Amino acid sequence: EAIRQKRNLSSKFAHHLGIEVVELGEGYAKGEVEVQDYFENMVHSLHGGLIYTLADAVGGAATCSHGNPMTTVNCDFHYLQAGINVKKLTAIGKMIKDGKKIGIVEVEVFNEKEVLLAKGTYTFYYLEKNAES
């Protein structure tokens, strides 16, 4: 719980956008953001940057669920459906590799109707790693 609260408060960019990590477990995170009208692009679809930022924040939370600081080094991200008339986004991140220096997380982003809008595989580099991890 302390790690979840710290991530929500210390990630100023995500906090400014209204992104909140609502669940955090070992190698798992769930985050949400309420959609605002200013998140739309010129064609009245959600801006891809919001969807990506939510996924990145949730993937990072899943990776650092053990308390290890990390940074994103790579992502293979796919937008699968336009975010039109979306009220809320939810992202779920599940760690698929927890190595000595690298963590890999798969993240899926859904709208409030549980339609899959995007999916990504993130690679994170541990800046330091706890001995007990």
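For the structure, see preceding data.
What this report covers is the structure whose coordinates are included nearby. (Residues numbered from 1 in each chain as written. Predicted model: local features only at pLDDT ≥ 70, side-chain atom pairs only at ≥ 80, totals over all residues. Heavy atoms only, no water.)

1. With respect to the sheet that holds strand β5 (residues 102-111)
Strand order in this open sheet of 6 strands is β1-β2-β4-β5-β6-β3, and the pairing throughout is antiparallel. The two strands at the open ends of the sheet, each matched to only one other strand, are β1 (20-25) and β3 (70-79). Neighbour-to-neighbour, the strand axes of this sheet turn through a mean angle of 20°, independent of strand direction. Two elements, β5 and strand β6 (residues 116-126), share 9 bridges in a ladder whose sense is antiparallel. Bridging across to β6, E106 finds its partner in T121. (Pairing = 2+ DSSP bridges. Helix = DSSP H or I, 4+ residues; strand = E, 2+ residues; numbered from the N terminus. Axes fitted to C-alpha atoms, helices over the stretch in contact; angles between N-to-C directions.)

2. Describing the packing of aromatic side chains
Tallied over the full model, the rule gives 6 aromatic pairs. Relative to Y79, the ring of F77 lies with its centre 4.9 Å away and its plane at 75°, an arrangement referred to as edge-to-face. Since its relative accessible area comes to 15%, F77 is described here as buried. Residue class for Y79 comes out partly exposed when judged on its relative accessible area of 46%. In textbook terms, an aromatic cluster arises when at least three aromatic residues are bridged by ring pairs, as seen for Y52, F77, Y79, Y122 and F124. (Phe/Tyr/Trp six-rings, centres within 6.5 Å; stacked < 30°, edge-to-face > 60°. Buried < 20%, exposed > 50% of the residue type's maximum accessible area, 1.4 Å probe, protein only.)

3. Structural notes on unusual backbone geometry
One non-glycine residue with positive phi stands out, namely H44, at about 65°. Of note, H44 is situated in the loop between β2 (28-34) and α3 (48-63). A positive phi angle, near 65°, is found at E114, a position not held by glycine. Position of E114 among the secondary structure elements: in the loop between β5 and β6. Classification of E114 by relative accessible area gives exposed; the value is 68%.

4. Some words on the pattern of salt bridges
One pass over the structure, following the stated rule, counts 3 salt bridges. Linking E23 and K30 is a salt bridge whose minimum nitrogen-to-oxygen distance equals 3.8 Å. Under the relative-accessibility criterion, E23 is labelled partly exposed at 36%. With its nearest N and O atoms 3.5 Å apart, the salt bridge here joins K119 to E108. Placement of the pair is K119 in strand β6 and E108 in strand β5, with a sequence separation of 11 residues. The exposure class assigned to E108 is partly exposed, which follows from its relative accessible area of 27%. (Salt bridge = Lys/Arg side-chain N within 4 Å of Asp/Glu carboxyl O.)

5. Here we look at the pairing of β6
In summary, the side chains of a regular strand alternate between the two faces of the sheet. Bridge count between β3 and β6: 9 bridges; the pairing is antiparallel. Its bridge partner lying in β6, Y79 is registered against A118. In textbook terms, the turn of a hairpin is the stretch between consecutive antiparallel strands, and for β5 and β6 this stretch comprises 4 residues, one of which, E114, has a positive phi near 65°.

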